[in-house]
Amino acid sequence: MPLSCIIIEDEPLAMERTRGYVQRVPWLGLAATFETGLQAAGWLAAHSVDIIFLDINLGDISGLDLLEKLRPRAEVILTTAYDAYALRGYELQVSDYLLKPYTFERFLQAALLARTRHEAHQIPSEPAYDMVFVKTEYRLERVAIGDILFIEGMRDYRRIHTIAKRIMTLQTFGHFEQALPAQKICRVHKSYMVALGKIESVERNRVRIGQHLIPVSDTYRSAFLQRIEGGGKG
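Quick summary incoming for the structure in this document. Not measured: the values here are computed from a predicted model.

**Things to note about the sheet that holds strand β13 (residues 201-203)**
Taking strand neighbours across the sheet as the criterion, the 3 strands line up as β13-β14-β15 in an open arrangement whose pairing is antiparallel. What marks the edges here is a single partner per strand, and that holds for β13 and β15 (212-215). Between one strand and the next, the sheet's axes are offset by a mean angle of 30°, whatever the strand orientation. In terms of strand pairing, strand β14 (residues 206-209) meets β15 through 4 bridges, oriented antiparallel.

Structure (structure tokens):
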């Protein structure tokens, strides 16, 4: 069965090139094309897709902003004329990054990588271990999930507060939302995630963990309250 894909691209020539490349690959099926990010966002709210070919410089919204807001389960291949966004793209865990104008051979390489990642996700996973590896400046550091108190956003960095120490990383909140068990670690603010089992009290629009008072924003309050009322434990 072909993998479904969509193209989000506001340049007509680039759109036609990518559409033509998709049509040359028998195991890709083009579900839809969009000239704006907002059109694509509306469609993705009601449909699922396997692969997204996403231009970064869209007229109405940056492709990176769109990706960060939607967090689609699809494999994402970024397309752009500029290489300055590569690091940000990989922080958002995209499958590949195509620099325009790209050849069919380079397109096929990216599509094959996306297919490999997609197929890997279809394999039933082993039970999750009780730890996560965090990328610091020089190494991957093992962190026991049960030791995490909360994660704090600090501009481009995230600071992980654990029982024993604090760890700085460039990995995004989006990465941690996927890597950490939702029943144990919960987003409560654009700049904070907290370990539900480490919360000592909930005080209006804040939670207390040790000596720290952490804000709970309107955006995340409802989901957070449902979690703690459902008995989330760490």
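**Some thoughts on unusual backbone geometry**
Across the junction of lysine 100 and proline 101, the peptide omega takes the value -10°, indicating a cis bond. Tracing the chain through its elements places proline 101 in the loop between β5 (96-99) and α5 (104-122). A positive phi angle, near 55°, is found at arginine 155, a position not held by glycine. Note that arginine 155 resides in the loop between β8 (148-154) and β9 (157-162).

**Section: helix α3 (residues 63-70)**
Every buried residue of α3 is accounted for by Gly63, Leu64, Leu66 and Leu67. Down the axis of α3, the smallest arc covering the buried residues is 160°, so these residues share one side. N-cap assignment for α3: the residue whose side-chain oxygen lies 3.1 Å from the backbone N of leucine 64 is serine 62.

**Quick look at the pattern of salt bridges**
Tallied over the entire structure, the rule returns 11 salt bridges. In this structure, glutamate 16 engages arginine 19 in a salt bridge whose closest nitrogen and oxygen atoms are separated by 3.2 Å. Of this pair, glutamate 16 and arginine 19 both sit in helix α1 (residues 12-24), 3 residues apart, roughly one helical turn. According to the relative accessible area criterion, glutamate 16 is partly exposed, its value standing at 45%. Residue arginine 208 pairs with glutamate 203 through a salt bridge whose shortest N-O separation is 3.2 Å. Residue classification places glutamate 203 among the partly exposed positions, given a relative accessible area of 26%. Look at the salt bridges and you will find they share partners, linking Glu9, Glu11, Asp55 and Lys100 into a network.

**Observations concerning the packing of aromatic side chains**
Under the criterion given, the structure shown has 7 aromatic pairs. With a centroid separation of 5.5 Å and an interplanar angle of 65°, the aromatic rings of tyrosine 21 and phenylalanine 104 are classed as edge-to-face. Here the residue tyrosine 21 occupies a position in helix α1, and phenylalanine 104 occupies one in helix α5, the gap between them amounting to 83 residues. Between phenylalanine 34 and tryptophan 43, the aromatic rings sit 5.7 Å apart at their centres with planes inclined by 55°, giving tilted as the arrangement. In this pair, the class of phenylalanine 34 matches that of tryptophan 43, namely buried. One residue, arginine 115, lies across the ring of tryptophan 27, its end atom 4.2 Å from the ring centre. Directly above the aromatic system of phenylalanine 173 lies the positively charged group of arginine 158, at a separation of 5.7 Å from the ring centroid.

Reading guide: rules and limits
- Residues numbered from 1 in each chain as written.
- Predicted model: local features only at pLDDT ≥ 70, side-chain atom pairs only at ≥ 80, totals over all residues.
- Heavy atoms only, no water.
- Pairing = 2+ DSSP bridges.
- Helix = DSSP H or I, 4+ residues; strand = E, 2+ residues; numbered from the N terminus.
- Axes fitted to C-alpha atoms, helices over the stretch in contact; angles between N-to-C directions.
- Buried < 20%, exposed > 50% of the residue type's maximum accessible area, 1.4 Å probe, protein only.
- Arc of directions from axis to C-beta.
- Polar contact = N/O pair within 3.5 Å; in protein donor to acceptor, adjacent residues only side chain to side chain.
- Salt bridge = Lys/Arg side-chain N within 4 Å of Asp/Glu carboxyl O.
- Phe/Tyr/Trp six-rings, centres within 6.5 Å; stacked < 30°, edge-to-face > 60°.
- Lys NZ or Arg CZ within 6 Å of the ring centre and 35° of its normal.

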